Amino acid sequence: MKFTKMHGCGNDYVYINCFEESFPQDSEIREKMVRQLSDRHFGIGGDGVIFICPSEKADAQMRMFNADGSESAMCGNGVRCVAKYVFDHGLAVKDVLQIDTLAGIKFVEIIEKKDGKAILLRVDMGTPILTPSRVPTTLLGTQKLETGEEAVVSTKIFVTEEFSPEITCVSMGNPHAIIFLDEEITDEHVFQYGPKMEKLEIFPQRANIEFIQVISAEEVIMRVWERGTGETLACGTGASAVCVAGVLAGKTSRNVLIHLPGGDLELEWDEKNHHVYMTGPAEEIFHGEIYMPDAL
């Protein structure tokens, strides 16, 4: 099976071109396949696997799976890489691409090219989901918005005796819980509290956990514990959720530069149409073929 390894700010996935390869329909085979491909010792290695499939209503469809085999609706870094692949490999050659995801069609604009290849892309991530039941979380809304809906903003929860943070809940197609810290982000935050918070009963579908250190209203540092994967070097939907949460919690402006372990992302939450826009790089690392008798 042929594959391509790509990353956006270090958020790396194995990409399979299902215009040429077959998408594994059997869920058990697919989960085993994703686990093996994602394994950094016995496979190719990555935060998961993304299948680039034909679509009847867009230039391509993205099916995104975490390293544990579970499927997610959206991946901000992944959708940039999918758009880059579609453009670079001639599947659709235009400056604004439509990528079909389980969170809807995403429009990806190529901002910068080099040698005919896309290197910097801007994604319309759509409008954030803030209604608690749709995030989803069982927590009750604490802040009434202009739209009339209520959002979970700066709500204190219990994690351990030592850690009871305030969280803001946002979905960008998958659930996020954002914590603004008054201190530097540590490994203890990410590796001790991240996995505990991911599986709290208040998150029926688990959650991605973002730890944020605010530098200024226009600049923050972020680390993320992703459900089904663990810490990743970047998370595009998470960065988008942080941009929204920062505004709601009064921590940041609508335009914010987010420093992640794998690189920087520029975010904007447009005041007029309420869409979140994310700008960042996408890079193809290598491609090849892998023999997978154990999975297939």
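Shown above is the structure to which this text applies.
Predicted model, so just to flag it, every value in this text is computed and none were measured.

Calculation rules
Residues numbered from 1 in each chain as written. Predicted model: local features only at pLDDT ≥ 70, side-chain atom pairs only at ≥ 80, totals over all residues. Heavy atoms only, no water. Phe/Tyr/Trp six-rings, centres within 6.5 Å; stacked < 30°, edge-to-face > 60°. Buried < 20%, exposed > 50% of the residue type's maximum accessible area, 1.4 Å probe, protein only. Helix = DSSP H or I, 4+ residues; strand = E, 2+ residues; numbered from the N terminus. Lys NZ or Arg CZ within 6 Å of the ring centre and 35° of its normal. Pairing = 2+ DSSP bridges. Expected span 1.5 Å × (residues − 1).

Colleague: Would you take a moment to explain the packing of aromatic side chains for this structure?
Modeller: The geometry of an aromatic ring pair comes down to the distance between the two centres and the angle between the two planes. If you walk through the whole model with that rule in mind, you get seven aromatic pairs. Where Tyr 13 meets Tyr 15, the ring centres are 6.4 Å apart and the plane angle is 75°; that geometry is what we call edge-to-face. Residue Tyr 13 shares its accessibility class with Tyr 15, and that shared class is buried. Aromatic pair Phe 51 and Phe 65: ring centres 5.7 Å apart, planes at 85°, arrangement edge-to-face. Taken together, the residues Phe 51 in strand 3 (residues 48-53) and Phe 65 in strand 4 (residues 60-66) connect sequence positions 14 residues apart. Under the relative-accessibility criterion, Phe 65 is labelled buried at 2%. The ring of Trp 269 has Arg 254 lying over it, and the distance from NZ or CZ to the ring centre is 4.5 Å.

Colleague: Mind showing me how you'd approach the pairing of strand 7 (residues 104-114) here?
Modeller: Where a strand is regular, its side chains alternate between the two sheet faces. Inspection of the sheet shows strand 6 (residues 96-101) paired to strand 7 by six bridges, in the antiparallel sense. What sits directly across from Leu 97, in strand 7, is Val 108. Between the antiparallel neighbours strand 6 and strand 7 lie two residues. Examined bridge by bridge, strand 7 and strand 8 (residues 117-126) share seven bridges and lie antiparallel to one another. When the bridges of strand 8 are listed, Ile 110 appears paired with Leu 121. Linking two consecutive strands that pair antiparallel, namely strand 7 and strand 8, is a turn of two residues; a positive phi of about 55° is found at Asp 115 within it.

Colleague: Quick question: what am I supposed to make of the environment of Glu 20 here?
Modeller: Inspection of the secondary structure assignment puts Glu 20 in the loop between strand 2 (11-17) and helix 1 (27-38). Judged by relative accessible area, Glu 20 falls into the exposed class, the value being 60%. Along the chain, Glu 20 and Lys 2 lie 18 residues apart, while their C-alpha atoms are 8.9 Å from each other.

Colleague: Looking at this structure, how should I read helix 2 (residues 76-88)?
Modeller: End to end, helix 2 covers 18 Å across 13 residues, agreeing with the expected 18 Å (1.5 Å per residue, within 8%). Directly after helix 2, the chain includes Gly 90, whose backbone phi takes a positive value near 75°.

Colleague: Where do I start with the pairing of strand 2 in this structure?
Modeller: The buried fraction of strand 2 is high, at seven of seven residues. On strand 2, burial covers both faces: Asn 11, Tyr 13, Tyr 15 and Asn 17 on one face and Asp 12, Val 14 and Ile 16 on the other are all buried. Here five bridges tie strand 1 (residues 2-8) to strand 2, and the two strands are oriented antiparallel to one another. Each bridged residue has a counterpart across the sheet, and for Gly 8 the counterpart in strand 2 is Asn 11. Here strand 1 folds back onto strand 2, and the loop between the two strands holds two residues, one of which, Cys 9, carries a positive phi near 55°. Where strand 2 and strand 3 come together, four bridges link them in parallel fashion. In the strand pairing of strand 3, Asn 17 is matched with Ile 52.

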